[in-house]
Amino acid sequence: MDDKPLNCLVIGGGPAGLTAAIYLSRYHLKILVVDGGKSRAATIPMSHNHAGYPEGIAGEDLIERMREQARLYGTRIESGQVTRLDQGEDGLFCAEWGAGTFRARTVLLATGVTNRRPPMDEELHDDALARGLIRYCPICDGYEVTDKKVGVIGSGKHGVNEAVFLRGYTADVTLIAPDKALKVSDHDRKRLKDAGIECVDGPAEAVAISDGCITVDTAEGHFTFDSVYPALGSDVHNQLAEQLGAKLSEDRCIVVDSHMRTSVPGLYAAGDVVLGLDQISNAMGQGGVASTTIRNDLADQTPIRR
């Protein structure tokens, strides 16, 4: 690439980042996508609630289609991890990663989050995830566990809320503490009782899969489920925003305005790093809003003309 700064550096190649890349390239802007290759969307075995795919689509296939579409319009996509992001006095951003250093007039952070996994063998986890025995998003795939036996590993309000949400799909829901005794308020314990949700003390560890089921070992014995939902929260990839001093929310997400601008001029964010809703459609929508805002903000500084 030449020495002229990018119009936009997109960090993250999931649904938010790639949607933005498609828009930005179609705006005839000079951009680069740097992707760490850890998009959660790519790990989805089959998504059935993504509009336009009545038979469902595997997350990996969706990401590859989006990458192909972005490249069709000239997007350059590189694999790598941005380790440092600074902003100079001239307002330009300087990003460091494995391939060197790049400067950009604007940056879009679409770095997402990482789900906290339950305690279990990594190979067993990945196999269970591929089979739909472990699921992380009841909004996405609660329909698939309709009238099945479901376990939720979690505690506190987050675990209770997920168990109660899943009660809308099946009458057989068990909430299991991840470590020791289940920690819930009296109010939440009543909610669980009223919903007919069984409560089990931990520690919990998924130990085996067989015959389309997953077995969880607890302090109260072994329990077998059709699917298990870990409700253990997630870790937000906000390190680059922190380096620039961008404002974060109480749950460590990046704070943005209605046009996806952060508190740092020229820095934008989209997807689960902004709002951990775990929805592809939401991430894509935010990517579209962010990219259009970036284009218009750049045009306010220097007219964009053919």
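Note: the structure precedes this text.
Quick look at the structure, then.

### Notes on the sheet that holds strand β14 (residues 227-230)
Sheets are built from strands paired through backbone hydrogen bonds, the pairs being either parallel or antiparallel. Read from one edge of the open sheet, four strands run β10-β9-β8-β14, paired in parallel fashion. Edge positions in the open sheet fall to β10 (198-200) and β14, since each of these has one partner strand only. The mean inter-strand angle of the sheet, taken between neighbouring strand axes irrespective of direction, is 25°. Bridge analysis of strand β9 (residues 173-176) against β10 gives three bridges, and the strand direction is parallel. Within β10, the residue paired with threonine 174 across the bridge is glutamate 198.

### Let's talk about helix α2 (residues 59-72)
Over its 14 residues, α2 extends 20 Å from the first C-alpha to the last, a length consistent with the 20 Å expected when each residue adds 1.5 Å. Among all positions of α2, only Gly59, Leu62, Ile63, Met66, Arg67 and Ala70 are buried. Looking down the long axis of α2, one finds its buried residues gathered within 135° of arc, a one-sided arrangement. Exposed residues pointing more than 90 degrees away from the buried face of α2 are listed as Glu60, Glu68 and Leu72. One or two positions beyond α2, positive phi appears at glycine 74, with a value near 100°.

### Some thoughts on the packing of aromatic side chains
By the definition in use, this model includes four aromatic pairs. Judged by centre distance (6.0 Å) and plane angle (50°), the ring pair of phenylalanine 165 and tyrosine 169 falls under tilted. A residue is classified by how much of its surface remains accessible, and tyrosine 169, at 24% relative accessible area, is partly exposed.

### Focus on the side chain of threonine 174
Tracing the chain through its elements places threonine 174 in strand β9. Given the relative accessible area of 0%, threonine 174 is considered buried. Discounting chain neighbours no more than four positions away, the residues touching threonine 174 are Val150, Gly151, Val152, Ile197, Glu198, Val200 and Phe225.

### What about the sheet that holds strand β13 (residues 221-225)?
Pairing is antiparallel in the open sheet, where three strands are placed in the order β11-β12-β13. Looking at the sheet topology across the chains shown, the edges are occupied by β11 (205-210) and β13. Pairwise comparison of adjacent strand axes, ignoring direction, gives a mean angle of 25° for this sheet. Where β11 and strand β12 (residues 213-218) come together, five bridges link them in antiparallel fashion. Among the inter-strand pairings, isoleucine 209 is bridged to a residue of β12, identified as isoleucine 214.

### Brief notes about the pairing of strand β1 (residues 6-11)
With six of its six residues buried, β1 lies for the most part within the structure. In this sheet, strand β6 (residues 100-109) lies alongside β1 in parallel orientation, the contact comprising five bridges. When the sheet's bridge partners are listed, valine 10 is paired in β6 with leucine 108. Note: β1 against strand β2 (residues 31-35), four bridges, orientation parallel. In the strand pairing of β2, leucine 9 is matched with leucine 32.

### Re the pattern of salt bridges
With the rule as written, the count across this model stands at 16 salt bridges. Measuring nitrogen to oxygen at the nearest pair gives 3.7 Å for the salt bridge that ties aspartate 172 to lysine 149. Here the residue aspartate 172 occupies a position in the loop between α5 (156-166) and β9, and lysine 149 occupies one in the loop between α4 (138-141) and β8 (150-153), the gap between them amounting to 23 residues. The exposure class assigned to lysine 149 is partly exposed, which follows from its relative accessible area of 30%. Ionic contacts of the salt-bridge type, sharing partners, join the residues Arg40, Asp272 and Asp278 into one network.

### A few points about unusual backbone geometry
Of the consecutive residues glycine 202 and proline 203, the connecting peptide bond is found in the cis state with omega at 5°. Among the secondary structure elements, proline 203 is positioned in the loop between β10 and β11. The backbone of methionine 260 sits at a positive phi, close to 70°, despite the residue not being glycine. Note that methionine 260 resides in the loop between α7 (239-243) and β16 (267-269). The backbone phi angle of aspartate 278 is positive, close to 60°, even though this residue is not glycine. You can see aspartate 278 is positioned in the loop between β16 and α8 (280-301). Residue classification places aspartate 278 among the partly exposed positions, given a relative accessible area of 23%.

Parameters and conventions
- Residues numbered from 1 in each chain as written.
- Predicted model: local features only at pLDDT ≥ 70, side-chain atom pairs only at ≥ 80, totals over all residues.
- Heavy atoms only, no water.
- Pairing = 2+ DSSP bridges.
- Helix = DSSP H or I, 4+ residues; strand = E, 2+ residues; numbered from the N terminus.
- Axes fitted to C-alpha atoms, helices over the stretch in contact; angles between N-to-C directions.
- Expected span 1.5 Å × (residues − 1).
- Buried < 20%, exposed > 50% of the residue type's maximum accessible area, 1.4 Å probe, protein only.
- Arc of directions from axis to C-beta.
- Phe/Tyr/Trp six-rings, centres within 6.5 Å; stacked < 30°, edge-to-face > 60°.
- Contact = heavy atoms within 4.5 Å.
- Salt bridge = Lys/Arg side-chain N within 4 Å of Asp/Glu carboxyl O.

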